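Chains, contacts and geometry: an overview
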Amino acid sequence: MAPDSPAVPAAPAFAVRLLAWHRLAGRHDLPWQRPRTPYRVWLSEIMLQQTQVATVIPYFERFTARFADLPGLAAAPLDEVLHLWTGLGYYARARNLHRAAQQVCHQHGGQLPADLDALSALPGIGRSTAGAILAQAYGQRQPILDGNVKRVLCRHRAVPGWPGETAVQKQLWQIADALTPSTQAADYTQAIMDLGALVCTRARPRCADCPVSTDCLVRAAGSVADFPQSRPKRQLPQRRACLLLLRREDGSVLLERRPPAGVWGGLWSLPQYEGDQDALVDWCQRQYGLLPGAVRAREDFVHTFSHFRLHITPLECPVTQASAVLDAPERLWYNPIKPPRLGLAAPVRRLLAA
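Heads up: these notes are all about the structure in this document. Sequence order as written defines the numbering, with residues in each chain counted from 1. Reporting in this predicted model follows two pLDDT cut-offs: at least 70 for local features of residues, and 80 or more for side-chain atom pairs to be given and counted; totals over whole chains, interfaces and linings ignore these cut-offs and use all residues. Each side-chain value is derived from all of the structure's non-hydrogen atoms; neither hydrogens nor water enter the calculation.

Turning our attention to empty space enclosed by the protein. Both site types are read off a 1 Å grid over the protein atoms alone. A 1.4 Å probe that fits but cannot get out defines a cavity, while an open set with protein on both sides within 12 Å along at least five of seven lines defines a pocket; lining residues have an atom within 4 Å of a point. Grid points are joined across faces, edges and corners, and a volume is the space filled by probe spheres set on the points. Counted by the stated rule, this structure contains 2 cavities of 30 Å³ or more. Taken as a whole, the largest cavity spans an internal volume of roughly 130 Å³. Forming the walls of the largest cavity are 14 residues, and the residues nearest its centre are Arg-155, Cys-200, Cys-207, Cys-210 and Cys-216. At the level of elements, helix H9 (147–156) and helix H12 (217–221) are the ones that each hand at least two residues to the lining of the largest cavity. The helix and strand labels rest on DSSP assignments: H or I over at least four residues marks a helix, E over at least two residues marks a strand, and numbering proceeds from the N terminus.

In this scheme, a residue with accessible area under 20% of its type's maximum is buried, one over 50% is exposed, and one in between is partly exposed, where area comes from a 1.4 Å probe on protein chains only. Those residues of helix H14 (residues 346–353) that fall on the buried side of the exposure criterion are Pro-347, Val-348, Leu-351 and Leu-352. Across the axial projection of H14, the buried residues extend over an arc of 130°, all falling on one side. Two residues qualify as a contact provided that any one of their heavy atoms is within 4.5 Å of a heavy atom in the partner residue. For H14, the secondary structure elements touched by its buried residues are strand E1 (238–247), strand E2 (253–257), strand E3 (268–269), strand E7 (301–304), strand E8 (309–320) and strand E9 (331–334). The arc in question is the one traced by the directions running from the helix axis out to the C-beta atoms.

Once that is clear, we can look at the nonpolar core. Definition of nonpolar core: a set of buried residues of the types Ala, Val, Leu, Ile, Met, Phe, Trp, Tyr and Cys, connected through side-chain atoms within 4.5 Å. Counting residues in hydrophobic clusters, the biggest one holds 59 residues, and the most contacted among them are Trp-42, Met-47, Phe-63, Leu-73, Trp-85, Leu-255 and Leu-270. Among the elements that line this core, the one with the most residues is helix H2 (residues 38–47), at 6 residues. Every residue in contact with Leu-270, bar those within four places of it in the chain, is listed here: Leu-243, Leu-244, Leu-245, Val-253, Leu-254, Leu-255, Val-348, Leu-351 and Leu-352. Of all hydrophobic cores here, the second largest spans 28 residues; its members include Phe-14, Ala-15, Leu-18 and Cys-200.

Right, let's get into the packing of H9 against helix H10 (residues 166–179). The relative placement of two packed helices comes down to the angle between their axes together with the axis-to-axis distance. All axes are obtained by fitting lines to C-alpha atoms, using only the stretch in contact for helices, and the reported angles, taken between N-to-C directions, cover 0 to 180 degrees. Closest axis-to-axis distance for the H9/H10 pair is 10 Å, and the angle between their directions is 90°. Taken together, H9 and H10 sit at an angle that is classed as roughly perpendicular. Here H9 contributes Lys-150, Leu-153 and Cys-154 to the contact with H10, which in turn contributes Gln-169, Leu-172, Ile-175, Ala-176 and Leu-179. Small angles under 35 degrees read as roughly parallel and large ones over 145 as roughly antiparallel, with 65 to 115 read as roughly perpendicular and the rest as oblique.

Taken as a whole, the second largest pocket spans an internal volume of roughly 190 Å³. Taken together, Tyr-59, Arg-62, His-83, Leu-84, Thr-86, Tyr-334, Pro-339, Pro-340, Leu-342, Leu-344 and Arg-349 make up the lining of the second largest pocket. Secondary structure elements with two or more residues in the lining of the second largest pocket: helix H3 (53–66) and helix H5 (78–85).

This part covers the side chain of Thr-201. Within the secondary structure, Thr-201 is located in the loop between helix H11 (185–199) and H12. A relative accessible area of 18% places Thr-201 in the buried class. Among the polar contacts made by the side chain of Thr-201, one reaches the main-chain carbonyl oxygen of Arg-204 at a distance of 3.5 Å. Here a polar contact is recorded for every N or O atom pair within 3.5 Å, except that within protein the pair must consist of a potential hydrogen donor and a potential acceptor, and residues adjacent in sequence are included only if both atoms are side-chain atoms.

Time to look at the pairing of E8. In terms of burial, E8 is largely enclosed, as 9 of its 12 residues are buried. Strand direction decides the pairing type here: E1 and E8, joined by 10 bridges, are parallel. Looking across to E8, one finds that Leu-246 is bridged to Cys-317. Of the strand pairs in this sheet, strand E6 (residues 296–297) and E8 are connected by 2 bridges, and their pairing is antiparallel. Should DSSP find at least two bridges between two strands, the strands are regarded as paired.

It is worth spelling out the state of the cysteines at this point. When two cysteine sulfur atoms are found within 2.5 Å, that pair is recorded as a disulfide. Inspection of every chain in the model, using the stated rule, returns 0 disulfides. In this structure Cys-154 is a free cysteine whose sulfur lies 9.5 Å from that of Cys-200, the closest cysteine sulfur available. With relative accessibility at 0%, the residue Cys-154 sits in the buried group. The cysteine Cys-200 is free of any disulfide, with Cys-210 supplying the nearest cysteine sulfur at 6.3 Å. Residue classification places Cys-200 among the buried residues on the basis of a relative accessible area of 11%.

The subject of this paragraph is the pattern of salt bridges. We count a salt bridge whenever a side-chain nitrogen from Lys or Arg sits within 4 Å of a carboxyl oxygen from Asp or Glu. With the rule as written, the count across this model stands at 12 salt bridges. Its salt-bridge partner being Arg-257, residue Asp-79 comes within 2.9 Å of it at the nearest N-O pair. Linking Asp-79 in helix H5 with Arg-257 in strand E2, this pair joins segments that are 178 residues apart in sequence. Classification of Arg-257 by relative accessible area gives partly exposed; the value is 26%. In this structure, Asp-250 and Arg-248 form a salt bridge, with 3.3 Å as the shortest nitrogen-oxygen distance. Taken together, the salt bridges that share partners define one network made up of Arg-66, Glu-80 and Arg-341.

Moving on, we come to the pairing of E2. For E2, a buried count of 4 out of 5 residues is recorded, marking the element as mostly surrounded by other parts of the structure. Alignment of E2 against E9, held across 4 bridges, turns out to be antiparallel. Residue pairing in the sheet places Val-253 in a bridge with Tyr-334 of E9. Relative to E3, E2 is paired through 2 bridges, and the arrangement is antiparallel. In the sheet register, Arg-257 faces E3, and the bridge partner there is Trp-268.

Given below as structure tokens:
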């Protein structure tokens with residue numbers, strides 16, 4: 001905390017105001033709240049990582065319609081899990097979710113552990129996600145620090161620095177712990193997330209509607225727009241690649257599964273080619289035993305990842321004598337008319353739908 005900042009306000013004062021606001025203005029009808037089981041809470045918390053509620057809801061409903069419980073998720077093929085995740089992004093979350101479900105079945109009898117250390121040891125569950133699950137599913141007093149909460153606390157206590165920095169996060173955890181009440185853990189956790197999502201928003205926060213604005217330091221200083229401070233700017237690296245639509249006469253297109261780790265890990269993607277287009281025909285013959293016909297370039301587009309931007313050139317490549325490709329287990333011919341249930345990278349789904 002900044003040396004000249006007043007002490008953190010007493011936790012009950014902050015929590016009581018927040019809970020009173022939440023009873024009237026908070027969100028009480030989210031699908032994972034009806035019923036609020038450990039499995040449904042866990043699934044929602046994973047989906048909500050870096051994704052807004054409005055985007056998550058239809059995915060959550062489709063997911064739980066197919067996988068009603070944790071053992072059902074653990075027993076499902078990864079391809080089907082990724083298929084239902086397609087379009088939600090950050091696919092490592094889906095892979096970790098599947099792995100965690102299998103670990104829970106093998107190590108915890110199919111029940112999510114109600115212990116912070118055991119829960120945090122599962123793939124894809126960090127400290128804040130574990131705290132949110134334990135608070136909402138088991139009623140435990142656990143502080144949380146997701147993106148919405150970081151924004152609320154940075155503004156309320158005028159915490160300087162980018163919240164992703166280790167020292168800033170340590171300070172925010174201390175404040176979060178001091179403000180978390182000993183009772184009504186589930187309601188308080190939802191309330192502070194709702195405050196950040198509905199009132200203390202990134203742009204145009206509605207300070208006049210905020211239940212804790214009377215002792216908000218940045219509002220008093222007229223500097224709400226300056227907090228939380230932004231991540232130091234960095235130039236995203238630029239990469240280029242061709243995605244090949246190797247298409248048979250029946251319209252099916254060759255897909256291959258990406259490696260488990262890395263970009264689009266575990267998803268099915270179009271073959272990616274990064275060489276000179278003059279060498280494409282030879283490359284296809286060596287790689288797949290295919291001889292492309294006349295190659296046609298489709299319109300370029302850019303896909304932005306968190307750590308680089310990929311400039312994509314789609315190339316339509318009609319092929320014949322394609323049966324040899326089927327010898328590879330991680331390749332298949334994808335028929336857009338009767339598509340199999342696979343996890344597809346977003347740009348690939350876009351190209352196949354065009």
